[in-house]
Structures are given as C-alpha cells and as structure tokens.
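# Fold and contact review
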Amino acid sequence: MIPAPTPRARRAAAALALFALVPACRPAAPAAPALVAVGRVWTGDSTRPWAEAVVARGDSIAFVGDSAAALAQAGTGATVLRGAFVAPGLGDAHVHFLDGGFQLVGVDLRDAATPAEFTRRLAAFARTLRPGEWIVGGMWDHENWGGAPLPDRAWIDSVTPDNPVFVSRLDGHMALANSRALAAAGITRASAPIPGGTIVRRADGEPTGLLKDEAMTPVFAVIPDPAPDRADSALVRAMRWAARHGVTTVHAVSAGPVEVAALRRLHDAGRMLVRVHAYPPLATWRAVAETLRARGPGDDWLAVAGVKGFVDGSLGSTTALFERPYDDAPATSGLLVTPRDSLARWIGAADSAGLQVAVHAIGDRANALLLDLYDSVAAAHGPRDRRFRDEHTQHLRPQDVARFGRAGVIASMQPYHAADDGRWAGKRIGPERVRTTYAFRSLLDAGAHLAFGSDWTVAPLDPLLGLEAALTRRTLDGTHPDGWVPEQKIGLEEALRAYTAGVAYAGFAERRSGILRPGMLADLVVLDQDLFRIAPTELHAARVVATVAGGRVTYARVP
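Numbers given for residues are sequential positions, taken from 1 along each chain in its written order. Local features are withheld for residues below a pLDDT of 70 in this predicted model, meaning they are given only at 70 or higher, and side-chain atom pairs are given and counted only at 80 or more; totals for whole chains, interfaces and linings count all residues. Water and hydrogen atoms were dropped before computing side-chain values, which therefore reflect all heavy atoms in the structure.

Time to look at the overall build of the chain. Scanning the chain from terminus to terminus reveals 18 helices and 21 strands. In terms of overall size, the chain behaves like a compact globule, its C-alpha atoms giving a radius of gyration of 23 Å where 559 residues would be expected to give roughly 24 Å. Overall, the chain is about 80 × 50 × 50 Å in size when its C-alpha atoms are taken along their principal axes. When the 559 residues of the chain are sorted by exposure, 58% land in the buried category. Note on contacts: a residue pair qualifies if any of its non-hydrogen atoms lie within 4.5 Å across the two residues. Residue pairs at least 24 apart in sequence account for 74% of intrachain contacts in the chain once pairs closer than 6 positions are excluded. Here the accessible surface of atoms and residues is derived via Shrake-Rupley with a 1.4 Å probe, and residues count as covered only by protein chains that are part of the display. Carbon and sulfur atoms provide 55% of the accessible area of the chain, an area that totals close to 20,900 Å². Helical segments are the DSSP runs of H or I of at least four residues, strand segments are the runs of E of at least two, and each set is numbered from the N terminus. Two things to know: the radius of gyration comes from C-alpha atoms, and the globule rule equals 2.2 Å times the number of residues to the power 0.38. When a residue's accessible area, from a 1.4 Å probe over protein chains only, is under 20% of the maximum for its type it is buried; when over 50% it is exposed; and in between it is partly exposed.

Note on pairing: two strands pair once DSSP finds at least 2 bridges between them. The mixed open sheet is built from seven strands, whose spatial order is S3-S2-S1-S4-S19-S20-S21. With one partner strand each, in any of the chains shown, strand S3 (60-65) and strand S21 (552-556) form the two edges of the open sheet. Direction aside, neighbouring strands of the sheet carry axes that sit 35° apart on average. In the sheet, strand S19 (residues 524-527) pairs with strand S20 (residues 544-549) via four bridges, with the strands oriented antiparallel. Across the sheet, Val525 pairs through a bridge with Thr547, a residue of S20. Axis definition: a line fitted to C-alpha atoms, over the contacting stretch in the case of helices. Angles run 0 to 180 degrees between N-to-C directions.

Let us look at the packing of aromatic side chains. Here is the rule: rings of Phe, Tyr and Trp (six-membered ring for Trp) pair when centre to centre is within 6.5 Å. Planes less than 30 degrees apart are stacked, more than 60 are edge-to-face, and the remainder are tilted. Applying the stated rule across the entire model yields 13 aromatic pairs. Taking 5.9 Å as the distance between ring centres and 50° as the angle between the ring planes, the aromatic pair formed by Phe85 and Phe532 counts as tilted. Remark: Phe532 occurs in the loop between S19 and S20 and Phe85 occurs in strand S4 (residues 79-88); sequence separation between them is 447 residues. Both rings, one in Phe118 and one in Trp140, keep their centres 6.2 Å apart while their planes meet at 75°; by these two values the pair is edge-to-face. Remark: Trp140 occurs in strand S6 (residues 135-140) and Phe118 occurs in helix H4 (residues 115-126); sequence separation between them is 22 residues. Among the residues examined, Trp140 registers a relative accessible area of 0% and is labelled buried. An aromatic cluster is built from Phe118, Trp140, Trp145 and Trp155, whose rings are joined through pairwise contacts. The ring of Tyr505 has Arg387 sitting right over it, with the charged end atom 3.8 Å from the ring centre. The rule is short: NZ of Lys or CZ of Arg within 6 Å of the ring centre and within 35 degrees of the ring normal puts a charge over the ring.

In this structure, Ile347, Val357, Leu443, Phe452, Leu467 and Leu531 are the most contacted members of the largest nonpolar core, which totals 72 residues. The biggest single contributor to this core is helix H11 (residues 364-381), with seven residues. Listed in part, the 26 residues of the second largest apolar core include Val247, Ala252, Leu273 and Trp456. Residues enter a nonpolar core if they are buried and are Ala, Val, Leu, Ile, Met, Phe, Trp, Tyr or Cys, with the set joined through side-chain atoms within 4.5 Å.

Pairing is parallel across the open sheet formed by four strands, whose spatial order is S5-S11-S12-S13. Where the open sheet ends on each side, the last strands, each with one partner, are strand S5 (90-95) and strand S13 (302-304). Averaged over all pairs of adjacent strands, the angle between strand axes in this sheet comes to 15°, irrespective of strand direction.

The subject of this paragraph is the pattern of salt bridges. Salt bridges are counted wherever a side-chain nitrogen of Lys or Arg sits within 4 Å of a carboxyl oxygen of Asp or Glu. Applying the stated criterion to the full structure yields 37 salt bridges. With a closest N to O distance of 3.0 Å, Asp327 and Arg433 form a salt bridge. Here Asp327, found in the loop between strand S14 (307-310) and helix H10 (340-352), pairs with Arg433, found in helix H14 (residues 425-433); they are 106 residues apart in sequence, far enough to count as distant. Assessed through its relative accessible area of 46%, Asp327 is described here as partly exposed. When the shortest N-O distance is used, the salt bridge between Arg423 and Asp420 registers 2.5 Å. Judged by relative accessible area, Asp420 falls into the buried class, the value being 6%.

To count toward a patch, a residue needs a relative accessible area over 30% and no salt bridge; like charges are then connected within 9 Å, while nonpolar side chains (Val, Leu, Ile, Met, Phe, Trp, Tyr) are connected within 5 Å. Together, Leu104, Val105 and Trp241 make up a nonpolar patch on the protein surface, roughly 240 Å² of accessible area in all. The residue Val105 is located in the loop between helix H3 (97-103) and H4 in this model.

Two elements in contact, H10 and H11, have axes whose closest approach is 10 Å; the angle formed by their N-to-C orientations is 40°. The angle between H10 and H11 places the two elements in the oblique class. Here H10 and H11 pass one another in a crossing that is right-handed. Between H10 and H11, the residues in contact are Arg340, Leu343, Ala344, Ile347, Gly348, Asp351 and Ser352 and Leu369, Leu370, Leu373, Tyr374, Val377 and His381, respectively. Each angle is binned into one of four classes, with values under 35 degrees roughly parallel, values over 145 roughly antiparallel, values of 65 to 115 roughly perpendicular, and all other values oblique. For any pair of crossing helices, the crossing counts as left-handed if the nearer helix is rotated counterclockwise from the farther one by less than a right angle, and right-handed if it is rotated clockwise.

On to helix H17 (residues 492-499), then. Those residues of H17 that sit buried are Leu492, Ala495, Leu496, Ala498 and Tyr499. One side of H17 carries all its buried residues, which in axial view fall inside an arc of 160°. Arc, as used here, means the arc of the directions from the helix axis to the C-beta atoms.

The next point concerns the side chain of Thr436. Tracing the backbone shows Thr436 in the loop between H14 and helix H15 (440-445). Polar contacts, as used here, are pairs of N or O atoms within 3.5 Å; protein pairs need one atom able to donate a hydrogen and one able to accept it. Residues neighboring in sequence count only if both atoms are side-chain atoms. Engagement of the side chain of Thr436 in a polar contact is seen with the backbone oxygen of Leu396, the distance being 2.4 Å.

Spelled out as structure tokens, the structure:
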C-alpha cells in the first residue's frame, strides 16, 4: 500500500483541482507587432551561436541575424531594445516563488551579524504589525556570527509578546518559533520526538524554539493561509523581481495550495510575466496524475510539470544525510526526512503515472539512495524519456558522479550555494568530502545534464550571481580568491547553457525555449555588458536592460 499523505499533502492535493481550469492551449496575451533586440547575441544555438539582432513577432522569434536586416524586416513602429549583449531568457530550475514574493516585504534577517541584531530587527518589524499577526520568513544564518549560539526563543519572546513568530534559517530546514508559536502548535516539554525532524531542547528538556525539518510541520499547520489578494500580490512581486533579473521561466518546487490557486488566478487574468512550471508535493502524485489526464499539463505560461519530494535536510542545519557523521557534530550524520519505503512507493507510483519526479537530496548518502531508487524504478518500468531530477546534487560520493550521465538523471543545482556554503562547509564535513561538493565540472565531464537555479528564497534570485559563482567558485567571505574546490569551475558558455537550454530540458520545454532560433518562443534578456568580454569576477556588475517573455517587454530599466 502507498502510505497516506500528510495533512499538508492532502491540502495540496485538493488545490491541484484548480489546475483543471487552466486551458491546455491558452494563448499568450497580445504582443506588439514586432520587437527587435540589438546587441551581440549569444543564441545558445550550436548551429549559429552568434548574431547581431533578434526579431520577435507575436510570441515567437521571427528572425535571428544581422542588425540591418533585422531592423528592415521589423519595419516602422517596431519596439527596439539595444544593449551590449542579448541572450535567451534566463531560467531558474528551483525556486520557492510564493515565499519569495512574501519575503520581499517581510522581515530580513539574512545578513544579521549578531544575535543582538537578529533580535533588534524582529522587534522593529513586530512594531509594524497588528497583535496576532504572524511573523514568518526571515532567512537568518547563524554562520554570520560564527555558527554558535543557535537562536533561542528567549532572544525574542520579550520583543514579540503579541505576535507568533516562526522565522526560518535561510535554507528552510530549521526555524525558530517564539513561545506563542510553540503554544499554538502544541509543542511542549512533553512532546514526543517527530520522525524526520528534531525538536531542539535545553538540558532540562524544554524546547528552545528551534525546530528542524519535519519537526517544523506542527507550526506550519497552524499558520493561517494568506488571503487570496495577498497571495496574488506576492506572486506579482515575485514575477516582477524575476523579470528585473532577466528570468523568463521558473520551476516552482513544492508548490502548495495557496500558490497553485494564486497562479491560476493570475494566469486566467492574463497577468503572467514569467513562465511557471509547478511541481506539487510528491505525496500528491495521484491528484496530479488525475488532473493531467483530465485537462492536460497546461500551456506555455503555466503548467503542472511533475512532483517534488525530499530525501534529507540541509548541510547548514546538520540535517543533510551523510554516510559518516558530521565533523563538527559527531553525534549525527543527518536525517532521512521521508521514510525510504514512502519514497520508493511514491516515486514508483508517480513514474507509473507518467509524471516527472524531482527529489531534494543534499548529503552523499541521500544522493546515493535517490540514485538507487531511480535506477530500480527505471529498471522495473522500462525505458522512456522520464528525466528524473536530483534537486541540489550537493554532496556526492566520487563513484556516484558518473551515474548521472549513464542514467540521464538531471542535476538541478544552484551555483550560488557553493559561494555561500564554501565559507563553512569544510568544518562540517572536512576536506575530503568537499572535493565533490557542487561538482559542476565532474558532472559535465560525465555527460550529465545540468539545470541551474537559485533556490530563492534560500539564495538570491539573480542568475548573474550564480554565473559568477559557477565560473569562479569564490566564497562570499573572500577566503578563497582562486575558488573553493577550484577544479570544479566551469566556463561561461557551459554555465549559460545550464541557465537556459538546461532549464528548458529539465522541464521538457526544449522544443519551445532555451535558445534563440526562428519559431522558438520570444524569451530573451538584454544586458548592458557583454558577459564574454568582462572578467568572470565582474559578472555580478552587469545589469539587465530589458527582459522579454513571449514577445512582451516584462522589464525595462529606466535610465
């Protein structure tokens, strides 16, 4: 029998019925008669990698070639965008899109450098709210103050007496609840351990307020859903933020019921600025399959793309699953967040239903386990173009690198994490295990498909930061000027492909997007600097001049 889904999964399954109202072939909103992008054009098309201009008519590319011919073909009245560099619209293969929209206007703890600053920011934010309103998000990082002490509800109870608080570590696998939030969730000294998670306790057994992975579920269950208009506004903010950074397609992973409903409303209202491939929870595979059979996957703007699950937690929260204990926390080797039998049954069932499966795996044991499950399902069900995805592919055993190319498993990776985690990963797992951490070069050499993204809100959405991280592997603290694990650097063209054609391939969209060629969707980005003519360490300084999705200008920088 397939294990029953959790209450959160059941709510997500119910919301998937909303996708049945998305037409299978809904046309994009009307586009200008012609649009021309002029600059040094990297097309991503191996048959013609360079050009001077791109012409779009309607939602498709009509011409790629020299600028004079492009302007002549476009005719009078065309919208003309000029920049130093033009590329296919950038993709993001792994985002938490609704969360990102809310985080843009929420409390920001990401760069809080001390416990005192952490507390001060929460106190200031609480003063802007009405009593009873929840404070969520935050995205704090205890490594900013050396990794210890971990946050404790004693830091914040006195400054948030009227508001429940549940603020996440930036990786989303550990969060701090104040006493009001713990009480609402029913978490006390007497609470039993929660499988797949950890209630961090003081010496006397009292919860500190810090919860890891599945132990966060009771709090999530009592946080009220945002009103529909607030969810819609958050997604519009997220889409505008993505367009500002040249992003035309995102893969929204773990898309829950509120996100699904808001996406449908925006789609039906013709307000989509970014193409969204939604990956609801793996446990809801049956509802996803039934929706797809009834109505199809959606259209070029909004589609149910597959399902997404979890093997383990994160390195920063010491919940990523390793074969050996952590060097700096020898009492643990991480957590198996989802029981193996549940993973096996759900992955097998989803694959039997024809769904694409994407699963989060961080630690070396988690990645090995996931590859084993994928191998067994593929062997049992026979060959087809299934494109299993390994989300993060962060720490690999050396012997597992070649398996990605052999099995066709997509490595869905986030380069910025290497620049961030590289500051402190060595103390967690030591110099030997970090050698195959974010192994971009080794995976490409093994024939793996790379699909790059950000994991926003865990990391910034900006793909230029990810490109720089992939090329230089410099860490954020400046301690690795020649690159952290430098042998895993890759080139600019390789990284661009992972952000364009790689994302398209990961979403079964390569016949419509990812390169600039006549007949493809008119998704492109115009930049103020030629990325191939500046130093890799300066990629972050380039700026988006304009973003075009489906022939429409979705962002234009004001001079």
